[in-house]
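Letter by letter, the chains look like this.
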Amino acid sequence: MSTDAVQAQTPTAAATAWRDWLRDEAPAWIFVFKTVTAAFLALWIGFRFGIDNARSAMLTVLIVAQPQSGLVVAKSFYRVIGTLVGLVVTVLLLHFLAQSRELFVGAVALWIGLCVAGAAYFRGFRSYGFLLAGYTTCLIGFPAAQHPEATYAIALSRASAVLIGIFCAGLVAQIVLPQRLSDAMVKTVRGRFHDFVVFVRRALGGELKRDELQRIHHRFIADILVLETQRDASYFENPEVRVRDERLRLFNAEFMAASTGMHALHQWMERMRREQRRHIVEAMAPLYRELSAALLRHGRPPATALEAHSVALQLGRLRPRLAHDAHAAIEQVPEADRLDCACAVDLLLRFSAALHDYTEAYGALANPGQRAPRSAPAFVPHTDPLAAALYGVRAVLALLAVTVFWIATAWPNGTSAVLVTAVGCALFAQSPAPGFAVRQMGLGYVLGLFTMMAWSLAILPRLDGFPMLVLSLLPFLMLSNRLVAHPRYAGIGAGMNLLFISEAAPDNVIAVNPVASINDGMAQILGLAVAGISFSILLPAGTTLFRRRNIRRLKRQVAYACTAPMAGLRHKLESRTRDLLIQLLPAPAGAGAEGERLLETALVVLEVADAVIALREALQREGVDALTRRLLRGFGSALARAHEMPSPAHQTAARDALRRADERLQHLLLDPGLNARETATLREIQRCLYRLGRALDDLETDTAMTSDGEAHAA
Amino acid sequence: MPRELDFLGMYVPTLLPIFLGAAGLQWLLDSLLGRLGLFNRIWHPALFRLSLFVCLFGGAALLVYR
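What you are looking at is a predicted structure, and each value in this text was computed from that prediction instead of being measured. (Residues numbered from 1 in each chain as written. Chains lettered and ligands numbered in written order. Predicted model: local features only at pLDDT ≥ 70, side-chain atom pairs only at ≥ 80, totals over all residues. Heavy atoms only, no water.)

J.: Looking at this model, I keep getting lost on the overall build of chain B. Mind explaining?
T.: In terms of helices and strands, chain B carries two helices and two strands. The linear arrangement of helices and strands in chain B, starting from the amino end, is β-β-α-α. Computed over C-alpha atoms, the radius of gyration of chain B comes to 15 Å, more than 25% over the 11 Å expected from 2.2 N^0.38 for 66 residues, which places it beyond the range of a compact globule. Over its C-alpha atoms, taken along the principal directions, chain B stretches across nearly 45 × 25 × 15 Å. Taken across its 66 residues, chain B has 27% of its residues classed as buried. Across chain B, the fraction of contacts at a sequence separation of at least 24, relative to all contacts at a separation of at least 6, is 50%. With an accessible surface of roughly 4800 Å², chain B has 73% of that area assigned to carbon and sulfur atoms. (Helix = DSSP H or I, 4+ residues; strand = E, 2+ residues; numbered from the N terminus. Rg over C-alpha atoms; globule rule 2.2 N^0.38 Å. Buried < 20%, exposed > 50% of the residue type's maximum accessible area, 1.4 Å probe, protein only. Contact = heavy atoms within 4.5 Å. Areas by Shrake-Rupley, 256 points an atom, 1.4 Å probe, with all protein chains shown as cover.)

J.: Would you mind going over the packing of helix α21 (residues 544-555) of chain A against helix α23 (residues 569-584) of chain A with me for this structure?
T.: All names here are of chain A. Between α21 and α23, whose axes approach to 10 Å, the crossing angle comes to 160°. The pairing of α21 with α23 is recorded here as roughly antiparallel in orientation. Here α21 and α23 pass one another in a crossing that is left-handed. In contact with Arg547, Asn550, Ile551, Arg553 and Leu554 of α21, α23 contributes Thr577, Leu580, Leu581, Gln583 and Leu584. Taken together, the residues of the contact of α21 with α23 sort by class into five nonpolar, three polar and two charged. (Axes fitted to C-alpha atoms, helices over the stretch in contact; angles between N-to-C directions. Parallel < 35°, antiparallel > 145°, perpendicular 65-115°, else oblique. Left-handed = near helix turned anticlockwise from the far one by under 90°. Nonpolar A, V, L, I, M, F, W, Y, C, P; charged D, E, K, R; others polar.)

J.: Is there a simple way to explain the packing of aromatic side chains in this structure?
T.: For any pair of aromatic rings, geometry is given as the distance between the ring centres together with the angle between the planes. Residue and element names in this part refer to chain A. Per the counting criterion, the structure on display carries 25 aromatic pairs over all chains. With a centroid separation of 4.6 Å and 35° between ring planes, the pair formed by Phe193 and Tyr362 is classed as tilted. Of this pair, Phe193 sits in helix α9 (residues 181-204) while Tyr362 sits in helix α14 (residues 338-364); the two residues are 169 residues apart in sequence, bridging distant segments of the chain. For the pair formed by Phe193 and Tyr362, the shared burial category is buried. Summarising the aromatic geometry, the rings of Trp268 and Tyr690 are spaced 6.1 Å apart at their centres and angled 70° between planes, so their arrangement reads as edge-to-face. With a gap of 422 residues between them, Trp268 in helix α11 (residues 239-274) and Tyr690 in helix α27 (residues 676-713) connect regions that are remote in the sequence. (Phe/Tyr/Trp six-rings, centres within 6.5 Å; stacked < 30°, edge-to-face > 60°.)

J.: It is not clear to me how the domain arrangement of chain A should be interpreted in this structure. Could you clarify?
T.: Frequently, the measure chosen for interface size is the accessible area that the parts lose on association. Residue and element names in this part refer to chain A. When its domains are assigned, chain A resolves into domain 1 (13-179 + 384-537), domain 2 (181-236 + 245-364) and domain 3 (544-713). A straight line from the C-alpha centre of domain 1 to that of domain 2 covers 46 Å. Between domain 1 and domain 2, the residue contacts involve eleven residues of the former and six residues of the latter. With both chains or domains summed, domain 1 and domain 2 bury close to 690 Å², and 67% of this area falls on carbon and sulfur atoms. Considering only the surface of domain 1 that becomes buried against domain 2, Gln68, Gly70 and Arg126 emerge as the three largest contributors, covering 38% of it. A salt bridge links Asp232 to Arg126, with the nearest nitrogen and oxygen atoms 3.1 Å apart. On the surface where domain 1 and domain 2 come into contact, there are one residue pair in polar contact (both at pLDDT 80 or more). Considering every element that reaches the side of domain 1 that touches domain 2, the biggest residue donor is helix α5 (residues 69-97), with six residues. Here the residues of the side of domain 1 that touches domain 2 are counted per class, giving six nonpolar, three polar and two charged. (Domains from an automatic or database assignment. Buried area = accessible area lost by both parts, 1.4 Å probe. Salt bridge = Lys/Arg side-chain N within 4 Å of Asp/Glu carboxyl O. Polar contact = N/O pair within 3.5 Å; in protein donor to acceptor, adjacent residues only side chain to side chain.)

Laid out in structure tokens, this is it:
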């Protein structure tokens, strides 16, 4: 569409430049304009209401500022919750421990450690709520400990400032030039469905090379997490999205199932191609074409949910026909290829079912009043609790170091340093490259310190009245927020915002005391530096310890598939595996050779788990006796071990267990008293076992190769 | 109506419970209208919702300050 528009007019150079500016720069400047407006509104209301710390209200606006209104409201929500929890804890701590400074400071450090652990365990804005609960105790506790009689006043004024700030931020984000998250989401959802249909058609046509396939899978996995985050935040945006929430969750869940189904089928057919099983490939081709054709509407992939709805009906009509044709196709291949072909048909039918469910879930998004076709499972993130706990301990150690220095040297600005250390430890614990993030923030702090000095020495003494204050702050805020809107320099902008506003201090009673501000600013920079140092000394990011642990956890998902209760298992498994993989692969682009291997591992895990679940589904039907069940369970645990710790011994054990289970099944199938249903179940179990056996072959070659590689490297 | 209420021995401005009540009513109306799909027909949903809240809160506040 956009290319047509460009060709329709003959653009002059100026027009092109203008359009480029509109596309690249306008969103950033809209963000700057909205943020600055909201910030000054908050400052004005703070002054008007006469609260003590109007700048906290302004800072709140700058902190919760996000390009889309749903994100602003979500972040605000968790900021309020975190602040309130933090205030309650502060009051309790002060009540019991205010008499003894060391005990109080130690308790605050422990509480913050707990909150940092929570922040590292949860994702997105929930994690931000924990951060707030932690550092509010610093922010309120230290001043209040020096004036216990003023505790309630300090706590109330902090709460009012935060509330005024989020009120202004939310108001401006929703009313002035609203950029809605739900619109962005519609775009994401449409784009993803379109991409998937194109991907499926190309994969079915056999056009995809291995590395391209991997790249697409990686992008899909990253997309799933993005959509999950957006859905989570847009819940706060408006009631329409809340109505749609369950269907969006379903959409994401079915997408995971469909992409796993696609992968399993594709892997199997690649295996057939590699082994040159011509008959199977030829028998499957017409089925592929049927499925591929049913995905289109008027000769192209459906562009909207409404079109997807009719494609879902098309697919629903196709499925019985496809099953019929597929069984006819099995009959045509020679006897020797029949088992492999039946497995391929199983996978194809499974995939077409998943694809139908996915399309149906997308179609359901079109109709606002309609309920979700099925109940939608929640996305299950899978963070490492041990890592989170260790991050908490690290934060406690860093805080104690700063506190000891503060108390031992009677440093007047110690509280600011402790505060910033707490913020730094919590904010960047989860980040894939915390060192880089801290350096950026530090740079922003330094920039903020110098601009603050210039402002408070040269400009502040000449100001008269609120309009002049606004005018004098405006250029600095525009600069820092333009940096925030820039993807590369966001950290610098955020740091500049924080330090500049917290030290330039336009409060109700303006104190012109540049020396105190400069000292305090330097204390903040020092506090951040301690956080940064703690990141690089204690448990540096990307430590092999955590990586190895997470890789083990990834492989252990096979064991999870074998043993966890069946209810909602497929979805839990899909989301846990993907979540773990994303934790291991921070950047979608340029994951490198190691990234490729990890992705490969995750895809193998998903493929094997898919077969295991199919097997367990078949087992739930009748016709399998206790001995077979026991043999299959034994095989399950051997298989899980072979995947978790690939070694020849474990693989042989798995193979033996597989053979025993298979012999037992063959023995059962000889029984003439079986009815047709029981035979079908047993045959299906046999095919699942066969698939798992083939996956085990791949694992063996892979293990042999890696151990060779390691031997060479050593 | 009195301008301040006695709440556990504390004087609370009557506007506070009115504000909370208006917020609750707003939440109810909001989800109801969202469910009916009304917001698809409105030019600026956020502005509409803000105005709705101002009407609710302002109207109720008139009971106190008249």
